[in-house]
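Chain residues, written in single-letter form:
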Amino acid sequence: MFELFQYDFMVRAFLAGTIVALIAPSVGMFLVVRRYAYLADTLAHVSLVGVAAALVSGTSPVWGAMIAAVVSAIGMEQLRAKRKILSDSILAIFLSGSLALAVVLVSAKGLPSANLFSYLFGSITTVTRVDLIIMSVLGACILLFIFFFRRALFLVAFDEELAAAEGTPSGVYNVLMVVLAALIVAMAIRIVGALLIGALIVMPVISAIQWKKDFRTTMAIAVCFSLFSVYAGLYLSFILNLASGGTIVLLALCLFILSVIGKKK
């Protein structure tokens with residue numbers, strides 16, 4: 001069972017997976033409460049523009065994904081706050097437009113589509129030591145921020161007017177919330193892939209909500225579900241030669257089905 005840890009790339013994959021599994025549902029909890037779960041999928045597609053631009057320019061795809069995701073997240077939140085365009089319309093525009101732009105960038109430079117393919121569905125062999133260091137630092141900062149400002153984030157996610165009545169600057173926390181989601185998407189794109197990261201952010205949270213516990217317990221259950229999905233998914237993908245991202249998400253889906261069945265009983 002532990003023979004896979006003799007490979008350095010698997011050790012890096014498990015460490016990176018642990019970071020993502022801890023952070024993804026922690027931020028996903030606030031997105032689900034805010035009914036903004038579709039944001040993760042949109043940011044994942046937007047991050048592909050950054051990846052494509054980085055591949056074309058020969059720079060780091062991780063940094064490219066982060067910059068593209070963060071800038072787009074702030075832009076989408078500003079459009080939503082001004083209420084000039086409906087939220088679901090904003091997400092649809094950014095999602096479809098960014099995916100098209102990423103494909104055009106790669107094809108215009110004549111790069112092999114396989115370069116972008118690994119970021120669509122994830123590839124554990126592409127996680128480098130530098131990526132792991134970046135993920136560790138950002139992951140620690142995100143977790144600390146969530147820990148110290150969890151009450152304000154929840155208030156803003158649950159009811160912006162209530163948060164404003166208590167003196168919480170909802171506009172600032174709304175931007176910070178989408179920026180956190182953007183950073184997670186960019187970090188996880190190597191492990192799960194752009195097309196599947198949204199599921200890892202949202203699905204463990206929805207599964208945990210089925211058990212109808214308080215907010216803190218629900219978040220803890222979501223993190224446990226996320227860790228199990230990542231660990232079991234990476235292990236099964238290694239021994240069965242399966243795609244890591246798809247395996248992780250399928251296990252998260254199984255946990256959701258079991259949670260729904262358990263709720264009924």
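Above this note sits the structure.
On a predicted model such as this, the values are computed, not experimentally measured, just so you know. (Residues numbered from 1 in each chain as written. Predicted model: local features only at pLDDT ≥ 70, side-chain atom pairs only at ≥ 80, totals over all residues. Heavy atoms only, no water.)

Let's shift gears to the overall build of the chain. Across its full length, the chain holds 11 helices and 0 strands. Ordering the α and β elements of the chain from the N terminus gives α-α-α-α-α-α-α-α-α-α-α. Relative to its length of 265 residues, the chain is compact, with a C-alpha radius of gyration of 18 Å against a globular reference of 18 Å. If you line up the chain on its principal axes, its C-alpha atoms span 50 × 45 × 30 Å. Residue burial in the chain is summarised as follows: out of 265 residues, 51% are buried. Put simply, of all contacts in the chain between residues at least 6 apart along the chain, 75% involve residues at least 24 apart. One way to put it: in the chain the 18 positive side-chain charges average out to a point 2 Å from where the 11 negative ones average out. (Helix = DSSP H or I, 4+ residues; strand = E, 2+ residues; numbered from the N terminus. Rg over C-alpha atoms; globule rule 2.2 N^0.38 Å. Buried < 20%, exposed > 50% of the residue type's maximum accessible area, 1.4 Å probe, protein only. Contact = heavy atoms within 4.5 Å. Lys, Arg positive; Asp, Glu negative; His and termini not counted. Charge placed at Lys NZ, Arg CZ, Asp CG, Glu CD.)

This part is about the nonpolar core. Soluble, globular proteins show a tendency: their nonpolar side chains are buried together. Formed by 90 residues in total, the largest nonpolar core has its most connected members in Val27, Leu39, Leu43, Ile142, Ile184 and Ile201. In terms of residues, this core owes the most to one element, helix 1 (residues 8–33), which gives 15 residues. (Core = buried A, V, L, I, M, F, W, Y, C linked by side-chain atoms within 4.5 Å.)

This part covers the state of the cysteines. One covalent bond between the sulfur atoms of two cysteine residues makes up a disulfide. Under the counting rule described, the total for this entry stands at 0 disulfides. Lacking any disulfide linkage, cysteine 254 is separated from the closest cysteine sulfur, that of cysteine 224, by 18 Å. On the basis of relative accessibility, which here comes to 41%, the residue cysteine 254 falls in the partly exposed class. (Disulfide = S-S within 2.5 Å.)

What follows concerns the packing of helix 1 against helix 6 (residues 129–158). Helix 6 packs onto helix 1 with a crossing angle of 20 degrees between their chain directions and a minimal axis gap of 9 Å. Of the possible angle classes, the one that applies to helix 1 and helix 6 is roughly parallel. Considering only the axes of helix 1 and helix 6, their crossing is left-handed. Here the contact of helix 1 with helix 6 is built from residues that sort into 18 nonpolar, 3 polar and 3 charged. (Axes fitted to C-alpha atoms, helices over the stretch in contact; angles between N-to-C directions. Parallel < 35°, antiparallel > 145°, perpendicular 65-115°, else oblique. Left-handed = near helix turned anticlockwise from the far one by under 90°. Nonpolar A, V, L, I, M, F, W, Y, C, P; charged D, E, K, R; others polar.)

The next subject is the packing of aromatic side chains. This structure, assessed with the given rule, holds 7 aromatic pairs. Ring geometry for phenylalanine 145 against phenylalanine 149: centres 4.8 Å apart, planes inclined by 35 degrees, an arrangement best described as tilted. With phenylalanine 145 and phenylalanine 149 both in helix 6 and 4 residues apart, this pair spans about one turn of that helix. In this structure phenylalanine 149 comes out as partly exposed when scored by relative accessible area, which is 36%. Taking 5.7 Å as the distance between ring centres and 10 degrees as the angle between the ring planes, the aromatic pair formed by phenylalanine 154 and phenylalanine 158 counts as stacked. (Phe/Tyr/Trp six-rings, centres within 6.5 Å; stacked < 30°, edge-to-face > 60°.)

Computed from the structure, the largest pocket encloses a volume of approximately 350 Å³. Taken together, 14 residues form the lining of the largest pocket, with Ile146, Arg150, Phe215, Arg216 and Met219 sitting closest to its centre. Mapped by element, the contributors of at least two residues to the lining of the largest pocket are helix 1, helix 6 and helix 10 (215–240). Of the residues forming the lining of the largest pocket, the biggest block, 7 residues, is contributed by helix 6. Residue composition of the lining of the largest pocket, by class: 10 nonpolar, 1 polar and 3 charged. (1 Å grid on protein atoms, 1.4 Å probe; cavity = no way out; pocket = protein on both sides within 12 Å on 5 of 7 lines; lining within 4 Å. Points joined across faces, edges and corners; volume = space filled by probe spheres on them.)

Moving on: helix 6. The terminal C-alpha atoms of helix 6 lie 38 Å apart, and with 30 residues this falls more than 12% below the ideal 44 Å at 1.5 Å per residue. At phenylalanine 149, helix 6 shows its maximal kink, close to 75 degrees. (Expected span 1.5 Å × (residues − 1). Bend = angle between axes of the 7 residues up to and from the residue.)

Closest axis-to-axis distance for the helix 2 (residues 38–57)/helix 8 (residues 170–188) pair is 9 Å, and the angle between their directions is 55 degrees. When the axes of helix 2 and helix 8 are compared, the pair comes out oblique. Crossing of helix 2 over helix 8 shows right-handed handedness. Where helix 2 abuts helix 8, its residues Leu39, Ala40, Leu43, Ala44 and Ser47 lie against Val178, Ala181, Ala182 and Val185.

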